[in-house]
Protein chains: 2
Amino acid sequence: MTLVIHGGAGTIVKENMTPEKEAAYRQKLEEALAKGYSVLEKGGTSLEAIVAAISIMEDSPLFNAGKGSVFTNEGKNEMDASIMDGKTTMAGAVAGVTNIKNPITAAMAVMNQSKHVMMAGAGAEKFAKQVGLEIVDPAYFHTDSRYHQLQKIIKKEEMQLDHDGDQGSLKNNYNDYKYGTVGAVALDQYGNLAAGTSTGGMSNKRYGRIGDAPIIGAGTYASNKACAVSATGHGEYFIRSVVAYDIAALMKYKNLSLSQAADEVVMKKLVATGGGGGVIAVDKKGNIAMPFNTAGMYRGYIKAKGKAKVFIYKEE
Amino acid sequence: MTLVIHGGAGTIVKENMTPEKEAAYRQKLEEALAKGYSVLEKGGTSLEAIVAAISIMEDSPLFNAGKGSVFTNEGKNEMDASIMDGKTTMAGAVAGVTNIKNPITAAMAVMNQSKHVMMAGAGAEKFAKQVGLEIVDPAYFHTDSRYHQLQKIIKKEEMQLDHDGDQGSLKNNYNDYKYGTVGAVALDQYGNLAAGTSTGGMSNKRYGRIGDAPIIGAGTYASNKACAVSATGHGEYFIRSVVAYDIAALMKYKNLSLSQAADEVVMKKLVATGGGGGVIAVDKKGNIAMPFNTAGMYRGYIKAKGKAKVFIYKEE
C-alpha cells in the first residue's frame, strides 16, 4: 500500500515562508497522509483513500482547492476536480462548481453514479445535490488571504502590458499564488491504482477558464497497466502536453520506469515548452515519483509500515 | 496538401436512409472539403482550412454541431469545440456554449487571443463576444428534427430501466442520433498539421455534461511530431482512453504508422472497452486514416490535384 499527495507546485521558497506557516503546511500534509493511509489499512480502496486525503486538503485554507480556492476575476470561487480508477479506467470530473463543499466527492459521484465522465457548472451542482453531497453557500469558500491576493494581482496586471495571445511560460508567469492544486495517487492492498486532483484553478481567471485538473489525461490519469498520476502546475501547458497520460504512455510503449517517464515529461518536455509544475505518481509495484520543475512543491508519501514523509522545497 | 473531414459516426445504415438524404449528406461533405481545400490552395494554413471546412458543417442542419446540434434534456443546445495547431501545439477549446454561431471559431479565438486553452459556458460566450465573433439568438440552433429526436429519446428512456452508473457501451447505447460530431484534420503546404472538432454533444444530455470533443488529447490532438486527429463517438469512452493523443503516442513511442496506430486504438482498444466511434487522422507525409468501429461514419478527403471523395457506410 502506498499513498502520495501534493498540495501544489510553484515559486515556494524559504525566504517567503515563516516558520509557523511552514509548520502548518507540513502538519496538514501529514494529516492528509495519515487519514488517507488509515483508509487503506482498514481495507479501503485506493479511490476511497484518495477522496479522504484530498478532502482534508480541500477543507484547509492553506491549499488552492475547496476552502482556500483562489478567486476568479469576478471575485468568485470556481472549482474543478477529477478522479480515475486504475482498475476499470472509469473516471469522473467536475468543472466550474461553486457550492459543492468537497469537489473531489463530486468527481467520485460522477464516476460512480452517472453515465458521464465530465459535468460542468450549474448542471454539475444540480447532480451533486441530487446524489446527496454536501452543498454549502459559496461564501464558505471565501478566505480573506486569497481575496487580498486577487486584489494584488489585479493591481499588478493593470500596470503590465496586455499578455493576450501568450499562453504563459515557466519563466515569467509562474507563481504559486496564482496556480496551485491538490492531488493524491494510491496503490491499495488489492493491487489497484487510482488518482485524483482538485483545484480552485488560476487566480484572477476569466471567461470560465478550465485548467488541467478536471481533464482526464492532462491533470489526472490512472491505469493498472501503467501508473496513477496527479499533476499540478500551469494548466494550459499540462493540457497541451497531455501530461498525466504521457507518463503512462512512455511506460507502456517505451518501457520506461515510472521515474524515468515522470522525469522525461516534467523535467524535459515541460521545461522545453516552458510549462511550470510537477506531478506525483505511483506504479503497481509501489514505486513513486514526485518530480517538479519549480522552486518547490508541497508533497509527501507514506508506504507500508513507514512513517509519513513530507517535503516543501527542492533541497529536501 | 491534404484535408480529411468527418460528420459523425454511428449506426448509419442504408436501410434508414432515403436517396435524397444520402445525397444531401454527400453534397454537404463535398462542399466542406471544397471550401477547406480552396483555403489550402490559396496558401492558407491547415488551421484556417479546418475552420472553413468545419464552419460549413456547423452551418448545416444535417450534422450534430452548430445549427443541427442535438438538444439537452432541458431542451437547450449546448455546444463544444476544440482546435489544435500541430506546429506550435497551441490549442483552444470551448464547452457548453449556446449563442456562438460557429463554435469552432471560438476555439480558434481562445487559442489565438487568450492565455487560456479552455473556456466554458457564459464566460466563453462573453469572451467570444468581446473578440467580435458572430453571436446569435440561441433559437437559431433549434431544428425541429432534433427536437423531435429529443422527445422520442425521453419517451424511450422513461420506459427503460435506469442506467445510472453505466458509462454506456458500444453494444447497447450507441446510436447516431444520440451522438455525433464534425471534425477536420489538415496538412498545409508549409508542412504543418492541425485538427479541429465541433459538436452539439449527446442528445438528452444532463447536468452540464462535457464529452470528448473539447478535450485536447481525447477528441482533438495535433503535433507535427506525429499526426493530427479528430474523433467522433461515445465521448465518455474517448475521454477515458485519451483517444486522439494515444494515436500520436503509438506513432512516437512505438514507431507505428498512422494507420497502424489509428487501427490499434479504434478497432482494438476502443472495441475492447465497448467505445463506439471513429477518428480521422493525417500525418506529415499526407497519409490518412479514417477507421471507425460503428456501422457508418460520414467522412471524406481531398489530396493534391485529386477529387474530393466522400463515404458514409462501411462497405464503400
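**Considering the relation of the copies chain B and chain A**
One copy of the chain maps onto the other through a rotation about an axis followed by a shift along the same axis.
And then number 1: Superposition of chain B onto chain A requires a rotation of 180 degrees combined with a translation of 0.0 Å along the rotation axis, giving an RMSD of 0.0 Å. Expressed as an axis order, the relation between the two copies is that of a two-fold axis. Among all residues of chain B, the minimum C-alpha distance to the rotation axis is found for B:Tyr253, at 2.9 Å.
And then number 2: With an isologous cut-off of 70% or more, the 100% of interface residues of chain B that recur at the interface of chain A puts this contact in the isologous class.

**A word on the interface of chain B and chain A**
And then number 1: Counting residues at the interface gives 50 residues for chain B and 50 residues for chain A.
And then number 2: Here chain B packs against chain A, burying approximately 4300 Å² in sum over the two surfaces, 59% of which is carbon and sulfur.
And then number 3: Counting the surface chain B buries against chain A, the share from its top three residues, B:Lys115, B:Tyr207 and B:Tyr253, is 21%.
And then number 4: Summed over the shared surface of chain B and chain A, the number is two salt bridges.
And then number 5: A:Glu74 is paired through a salt bridge with B:Lys126; the nearest N and O atoms lie 3.4 Å apart.
And then number 6: Across the chain B-chain A interface, the total number found is 22 residue pairs in polar contact (both at pLDDT 80 or more).
And then number 7: Contributions of two or more residues to the side of chain B that touches chain A are made by α3 (103-113), β4 (118-120), α4 (121-130), β7 (209-210), α6 (235-240) and α7 (243-254) of chain B.
And then number 8: For the side of chain B that touches chain A, a count of residues per class yields 23 nonpolar, 13 polar and 14 charged.
And then number 9: Here strand β4 (residues 118-120) of chain A runs beside β7(B); their pairing, made up of two bridges, is antiparallel.

**With respect to the sheet that holds strand β10 (residues 277-283) of chain B**
Sheet strands pair by backbone hydrogen bonding; their relative direction is either parallel or antiparallel.
Residue and element names in this part refer to chain B.
And then number 1: With antiparallel pairing, four strands are arranged side by side in an open sheet as β8-β9-β10-β11. Among the strands making up the open sheet, the edge pair consists of β8 (220-222) and β11 (288-289).
And then number 2: Along the sheet, helix α8 (residues 258-273) contacts β9 (227-233), β10 and β11; its crossing angle with β10, the most-contacted strand, is approximately 165 degrees.

**Some points on the packing of helix α1 (residues 19-41) of chain B against helix α2 (residues 46-59) of chain B**
Residue and element names in this part refer to chain B.
And then number 1: Where α1 meets α2, the closest approach of the two axes is 8 Å, and the angle between their N-to-C directions is 155 degrees. Overall, the two elements α1 and α2 adopt an arrangement that is roughly antiparallel. Crossing handedness for the pair α1 and α2: right-handed. Of α2, the residues touching α1 (which contributes Lys28, Leu29, Glu31, Ala32, Lys35, Gly36, Val39 and Leu40) are Ser46, Glu48, Ala49, Ala52, Ala53, Ile56 and Met57.
And then number 2: A breakdown of the residues in the contact of α1 with α2 according to their chemical character gives nine nonpolar, two polar and four charged.

**With respect to the packing of aromatic side chains**
The description of an aromatic ring pair rests on the distance of the ring centres and on the angle between the ring planes.
And then number 1: Counted by the stated rule, this structure contains 17 aromatic pairs over all chains.
And then number 2: Taking 4.9 Å as the distance between ring centres and 80 degrees as the angle between the ring planes, the aromatic pair formed by A:Tyr140 and A:Phe141 counts as edge-to-face.
And then number 3: Taken together, a centroid distance of 5.0 Å and an interplanar angle of 80 degrees make the contact between B:Phe71 and B:Tyr147 edge-to-face. With a gap of 76 residues between them, B:Phe71 in the loop between α2 and β2 (79-85) and B:Tyr147 in helix α5 (residues 144-159) connect regions that are remote in the sequence.
And then number 4: Judged by its relative accessible area of 33%, B:Tyr147 is partly exposed.

**Here we look at the sheet that holds strand β13 (residues 309-313) of chain A**
And then number 1: One open sheet accounts for nine strands, arranged β13(A)-β12(A)-β1(A)-β5(A)-β6(A)-β2(A)-β3(A)-β4(A)-β7(B); its pairing is mixed. Of all the strands in the sheet, the pair left with one neighbour each is β13 of chain A together with β7 of chain B.
And then number 2: One ladder, built from three bridges, connects strand β3 (residues 91-97) of chain A with β4(A); its direction is parallel. Across the sheet, the residue bridging to A:Ala95 is A:Ala120, located in β4(A).
And then number 3: Helix α1 (residues 19-41) of chain A rests against β1 (2-10), β5 (182-187), β12 (296-303) and β13 of chain A of the sheet, and its axis sits at about 145 degrees to β13(A).
And then number 4: Packing of helix α2 (residues 46-59) of chain A onto the sheet brings it into contact with β1, β2 (79-85), β5 and β6 (193-199) of chain A, and relative to β5(A) it is tilted by some 155 degrees.

**Considerations on the side chain of B:His116**
And then number 1: As for its placement among the helices and strands, B:His116 is situated in the loop between α3 and β4.
And then number 2: For B:His116, the side chain forms a polar contact with the side chain of A:Glu236, separated by 2.9 Å.

**With respect to the packing of α2(B) against α3(B)**
Working note: a packed helix pair is described by the angle between its axes plus the distance between those axes.
Residues and elements named next belong to chain B.
And then number 1: Contact geometry for α2 and α3: axes closest at 8 Å, N-to-C directions at 150 degrees. Considering the angle they form, α2 stands roughly antiparallel to α3. Judged by residue contacts, Leu47, Glu48, Val51, Ile54, Ser55 and Glu58 of α2 engage Pro103, Ile104, Thr105, Met108 and Met111 from α3.
And then number 2: Taken together, the residues of the contact of α2 with α3 sort by class into seven nonpolar, two polar and two charged.

The rules behind these values
Residues numbered from 1 in each chain as written. Chains lettered and ligands numbered in written order. Predicted model: local features only at pLDDT ≥ 70, side-chain atom pairs only at ≥ 80, totals over all residues. Heavy atoms only, no water. Least-squares fit on C-alpha atoms with pLDDT ≥ 70 in both. Contact = heavy atoms within 4.5 Å. Buried area = accessible area lost by both parts, 1.4 Å probe. Salt bridge = Lys/Arg side-chain N within 4 Å of Asp/Glu carboxyl O. Polar contact = N/O pair within 3.5 Å; in protein donor to acceptor, adjacent residues only side chain to side chain. Helix = DSSP H or I, 4+ residues; strand = E, 2+ residues; numbered from the N terminus. Nonpolar A, V, L, I, M, F, W, Y, C, P; charged D, E, K, R; others polar. Pairing = 2+ DSSP bridges. Axes fitted to C-alpha atoms, helices over the stretch in contact; angles between N-to-C directions. Parallel < 35°, antiparallel > 145°, perpendicular 65-115°, else oblique. Left-handed = near helix turned anticlockwise from the far one by under 90°. Phe/Tyr/Trp six-rings, centres within 6.5 Å; stacked < 30°, edge-to-face > 60°. Buried < 20%, exposed > 50% of the residue type's maximum accessible area, 1.4 Å probe, protein only.

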